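Survey of secondary and tertiary structure
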Amino acid sequence: MTTGLDPARWIDKPTLTGQLVQLRPFREEDFDAIGEALADPEVLRLTGSVHSDSEAAGRPLGLDEVGLSWYRSRKDAPDRIDLAIVALLTSRCVGEAVLNDLDVENRSCNFRILIGPGARDRGLGTEATRLLVTHGFEVLGLHRIALEVYAFNPRAQRAYEKASFKVEGRRRESFRYGGDWVDSISMAMLEQDPR
């Protein structure tokens, strides 16, 4: 367990390898897969990027120049870790895992993950979560990692619970989708929690 958070550790982006996935900085060959994932209606709904099925269906496939520029800049971000999730079986990028919203004084940050179509329900997200969270606590010196998941995404909540995140609360009716209100579930893990 690390006793302090050194922001300089956030500059070097790691490569983390498990049994199913490798997390690594984005490469040019990842951007088609990320663009496909970001246009997937299920990803758009579950991440709260759209507010209706029709809005999700209208999203263009691929990354535009602004999106490409943003992903290319992730390797230089001094206060966040954005990594491609690469399935070891196919050597193909299937999503992203991110530590962001760094609060140096409180040694805390936010976690988010995105798994694209064709890569769900195979344990890739759970392993990617465990790899990045372990890195956050053991290498980066974090004390707390938090996330929010929408109540209509029980699959993600189960994956977070498998990775040892605990439910801390619920923000009632915090998101509107297709005319319905959806709760947001707050979850977190502390450095001393069993993993």
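Residues numbered from 1 in each chain as written. Predicted model: local features only at pLDDT ≥ 70, side-chain atom pairs only at ≥ 80, totals over all residues. Heavy atoms only, no water.

Applying the stated criterion to the full structure yields twelve aromatic pairs. Aromatic pair Phe26 and Phe31: ring centres 6.4 Å apart, planes at 25°, arrangement stacked. On the basis of relative accessibility, which here comes to 13%, the residue Phe26 falls in the buried class. Plain terms: the ring middles of Phe31 and Tyr71 are 6.3 Å apart, the flat faces sit at 50° to each other, and that makes the pair tilted. Here Phe31, found in helix H1 (residues 31-39), pairs with Tyr71, found in helix H4 (residues 65-73); they are 40 residues apart in sequence, far enough to count as distant. Since its relative accessible area comes to 6%, Phe31 is described here as buried. One aromatic cluster in this structure is built from Phe26, Phe31, Trp70 and Tyr71. Over the aromatic face of Phe152 sits the side chain of Arg45, whose NZ or CZ is 4.8 Å from the ring centroid. The ring of Trp70 has Arg74 sitting right over it, with the charged end atom 4.0 Å from the ring centre. (Phe/Tyr/Trp six-rings, centres within 6.5 Å; stacked < 30°, edge-to-face > 60°. Buried < 20%, exposed > 50% of the residue type's maximum accessible area, 1.4 Å probe, protein only. Helix = DSSP H or I, 4+ residues; strand = E, 2+ residues; numbered from the N terminus. Lys NZ or Arg CZ within 6 Å of the ring centre and 35° of its normal.)

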